[in-house]
Amino acid sequence: MRKKASASGPKAKTKRQPVAPDVLEQALSIITTSLDDDKAENIVVITLTGRASFADKMVIATGLADRQIAAMAQHIERKLKEIGLKRITVEGANGSDWVLLDTGDIVVHLFKPEARELYGLEEMWGAELDDGAAEAVPVA
């Protein structure tokens, strides 16, 4: 039975449907405000539109302790569900140096300082790679 499935090839990729810009901005505002309220450090928003197919925005922030990072993830998830975003995937929330929230249009990475430095997502996805075509915006 497996041979038939593999012989038919991979399933056709479905394109991610773009979300309305006002919903995207509302969700992004909720995420950055929640992180700021939870005392996240060095919050950065990177625009991925036209550069990646998996999301339109990436948010990166630092928390000092596992409990703080887990709480930040829970707060974001709860607030986004309140505005109707239901399909939020959370990875690593059980005491990890890195928690990932995927809303489909926005990917949120919450790191401890040493993990953030190790993975260097700002350098990987930052604007300097595209000669300014996208911008990494620090959030106050």
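The structure presented is a predicted model; accordingly, all values stated were derived computationally and were not measured. (Residues numbered from 1 in each chain as written. Predicted model: local features only at pLDDT ≥ 70, side-chain atom pairs only at ≥ 80, totals over all residues. Heavy atoms only, no water.)

(A) A look at the overall build of the protein chain. Across its full length, the protein chain carries five helices and six strands. The order of helices and strands in the protein chain, counted from the N terminus, is α-α-β-β-α-β-β-β-α-α-β. Taking all 140 residues of the protein chain together, the buried fraction comes to 37%. Across the protein chain, contacts joining residues at least 24 apart in sequence account for 60% of those joining residues at least 6 apart. Here the protein chain displays about 8800 Å² of accessible surface, and carbon together with sulfur accounts for 54% of that area. (Helix = DSSP H or I, 4+ residues; strand = E, 2+ residues; numbered from the N terminus. Buried < 20%, exposed > 50% of the residue type's maximum accessible area, 1.4 Å probe, protein only. Contact = heavy atoms within 4.5 Å. Areas by Shrake-Rupley, 256 points an atom, 1.4 Å probe, with all protein chains shown as cover.)

(B) Seen up close, the packing of aromatic side chains. On inspection of all chains with the given rule, the structure shows three aromatic pairs. Pairing W98 with Y119 gives two aromatic rings, centres 4.4 Å apart and planes at 45°, and the pair type is tilted. Here W98 is found in strand β4 (residues 98-102), whereas its partner Y119 is found in helix α4 (residues 113-119), with 21 residues between them in sequence. For Y119, a relative accessible area of 40% puts it in the partly exposed group. (Phe/Tyr/Trp six-rings, centres within 6.5 Å; stacked < 30°, edge-to-face > 60°.)

(C) Layout of the pairing of strand β2 (residues 57-62). Of all six residues in β2, six are buried; the element is thus mostly enclosed. On β2, burial covers both faces: K57, V59 and A61 on one face and M58, I60 and T62 on the other are all buried.

(D) Quick peek at unusual backbone geometry. Although it is not a glycine, K39 sits at a positive phi angle of roughly 65°. Inspection of the secondary structure puts K39 in the loop between α2 (21-37) and β1 (41-47). Given a relative accessible area of 62%, K39 falls into the exposed group. Notably, N42 is not glycine yet its phi reads approximately 50°, a positive angle.

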